[in-house]
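Residues per chain, in single letters:
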Amino acid sequence: MAEASRWHRGGTPKPNLHYSKEVEIRTTLQELALYFIFLINLCILTFGMVNPHMYYLNKVMSSLFLDTSVPGDERTNFKSIRSITDFWKFMEGPLLEGLYWDAWYTKNTLYDLKNSSRIYYENILLGVPRVRQLKVRNNTCKVYSSLQSLMNECYDRYTSKNEDLADFGLKAETEWKYATPESTFPWHWGFVGVYRNGGFIFTLSKSKSETKNKFVHLQLNSWITRGTRVIFIDFSLYNANVNLFCIIRLVAEFPATGGIITSWQFYSVKLLRYVSYYDYIIASCEITFCIFLIVFTTQEAQKVREFKSAYFKSVWNWLELLLLVLCFVTVAFNIYCNIQIFLLLGDLLKNTEKYSDFYFLAYWHTYYNNILAVTIFFAWIKNMFLAIINDTYSEVKADYSIGRRPDFELGKMIKKSYNNALEKLRLKKPEEDEDKKSTKSGDLVERARREGFDENEIQSAKQMKKWKERLEKKYYSAEIQDDYQPVTQQEFRELFLYAVELEKELHYVSLKLNRVMRKISTLQP
């Protein structure tokens, strides 16, 4: 009784076997809320980099340079070019008219600036456009011997090994002389080849009439030859109303089969990023993203240090690592793009009389958006498959394993919903209903009677069950937060009776076992 009295007073610490289901739910929901904030932040970063003006700017420019027909020939535009004659018609018609806007529709002079071209009156032409050609050498392929009398020249498809680097034609101006590339990256991936930088290059004039004369001069002197494999037309625009740069590349490929295949690229990008208040909100989201990245990296590092090689056996952990790698790549791309824009944008804008190569900046900016899109895709995949809940559920399960716990668990609830969804999609066979299981368990009393248990044993078992449920309700309740709980005299009495009943059951089972063992010994020869 002394020990019982001391237990009643709380002198002896009781093992902390209960686990609060509210703590489990609160912890899980906190992690879900934190990850949900991360997803919202990532979505703002992803969709905050684009706006509807990008689509409309691309649409307007593509309509002007791709769909405008040659005067007097409604069937010929850039998309429908199939011959060298069609190409020169486009250069002297839709391209020339689309690039030079120096007067209002009333024929009055629109602007008195160095760069007077304002396409659709709102888009400034940055610098001057550039035209670049890549060629291949003669005899880069072999003509069958029996046909050499009919054709002794052979121009293979474009490769860096087949490229013609020799000057040709008049050899007096830059368009007839090969220009080595200033940078080896990025290459252009076309329909029939992958093309590097450099080539035979010329830039257009500020004057519309001078540019037209240039086109006529090049056409008469056969600037396009049988060795021509691709021609790039590059220029850039800036719209101050929406703070967007539009980088345009029109491509005409001349395959070895003959004819012309056209393609195009329109990049509307926001290179001047931190201008409005909304831009600074995006900047704060970028800082928040980096903070999340540091926190998640620290958590994963702790897991690797704790579980060591076992960490890499989980698919969810590999998904975590993939997401972290993508996040680091996104941050690296962002830093690289900002540095390149800072270094190059000022110099490009100063050279208004030269070609401003914004294609390099647009290329990397587009890759940054693509990496960000892939990152958010895998972030939502992780959310959909409940990776966070899986981790939390595993930890809660480990803590629960030291004692009994309430039947209600958030992980089980979500797992049940997940299984129901799979059953509706017919991806999993339906499991037995819980009500049926409870009905079966309710028949245990009848089954016990059929198997020969007397009423005293059945009533004793039912009483023990009531005691067990009453005690568990107190000592494993979610409302209890202490480690030490006082025991009343009535509860002590019930505990004592419970222990007595357990002793009787143990004695009864022991007698049955002895009886069985004696029967077995008599059966042995």
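Use the structure listed above.
Residues numbered from 1 in each chain as written. Predicted model: local features only at pLDDT ≥ 70, side-chain atom pairs only at ≥ 80, totals over all residues. Heavy atoms only, no water.

**Structural notes on the nonpolar core**
For step 1, the next point in the chain: Grouped together as the largest cluster of nonpolar side chains are 43 residues, with contacts concentrated most on F65, F87, L95, W223 and L250.
For step 2, the next point in the chain: Elements with a contribution of two residues or more to this core: α3 (52-66), α4 (84-99), β2 (123-135), β5 (200-203), α5 (208-220), β6 (228-239) and β7 (244-253).
For step 3, the next point in the chain: With seven residues, α4 is the single largest residue contributor to this core.
For step 4, the next point in the chain: Contacts of F87, omitting those with residues within four sequence positions, involve I81, I224, I231, I233, A252 and I260.
For step 5, the next point in the chain: Core analysis: the next-biggest nonpolar cluster, separate from the first, contains 40 residues, Y238, Y267, V269 and L323 among them. (Core = buried A, V, L, I, M, F, W, Y, C linked by side-chain atoms within 4.5 Å. Buried < 20%, exposed > 50% of the residue type's maximum accessible area, 1.4 Å probe, protein only. Helix = DSSP H or I, 4+ residues; strand = E, 2+ residues; numbered from the N terminus. Contact = heavy atoms within 4.5 Å.)

**With respect to empty space enclosed by the protein**
For step 1, the next point in the chain: Summed over all chains, the structure comprises four cavities of 30 Å³ or more.
For step 2, the next point in the chain: Here the largest cavity defines a volume of roughly 70 Å³.
For step 3, the next point in the chain: G48, M49, K270, R273, Y274, D279 and I282 together form the lining of the largest cavity.
For step 4, the next point in the chain: Residue composition of the lining of the largest cavity, by class: three nonpolar, one polar and three charged.
For step 5, the next point in the chain: Approximately 50 Å³ is the volume found for the second largest cavity.
For step 6, the next point in the chain: What lines the second largest cavity is Y35, F38, F296, E320, L323, L324, C327 and K382.
For step 7, the next point in the chain: Mapped by element, the contributors of at least two residues to the lining of the second largest cavity are α2 (21-48) and α7 (315-350).
For step 8, the next point in the chain: Considering each element in turn, the lining of the second largest cavity owes the most residues, four residues, to α7. (1 Å grid on protein atoms, 1.4 Å probe; cavity = no way out; pocket = protein on both sides within 12 Å on 5 of 7 lines; lining within 4 Å. Points joined across faces, edges and corners; volume = space filled by probe spheres on them. Nonpolar A, V, L, I, M, F, W, Y, C, P; charged D, E, K, R; others polar.)

**Observations regarding the packing of aromatic side chains**
For step 1, the next point in the chain: In this structure the tally under the stated criterion is 34 aromatic pairs.
For step 2, the next point in the chain: Ring centres 6.5 Å apart and planes at 55° place the aromatic pair W88 and F215 in the tilted group. Highlighted residues: W88 in helix α4 and F215 in helix α5, separated in sequence by 127 residues. No difference in accessibility class separates W88 from F215, as the two residues are buried.
For step 3, the next point in the chain: Ring geometry for W364 versus Y367: centroids 6.3 Å apart, planes at 55°, classification tilted. (Phe/Tyr/Trp six-rings, centres within 6.5 Å; stacked < 30°, edge-to-face > 60°.)

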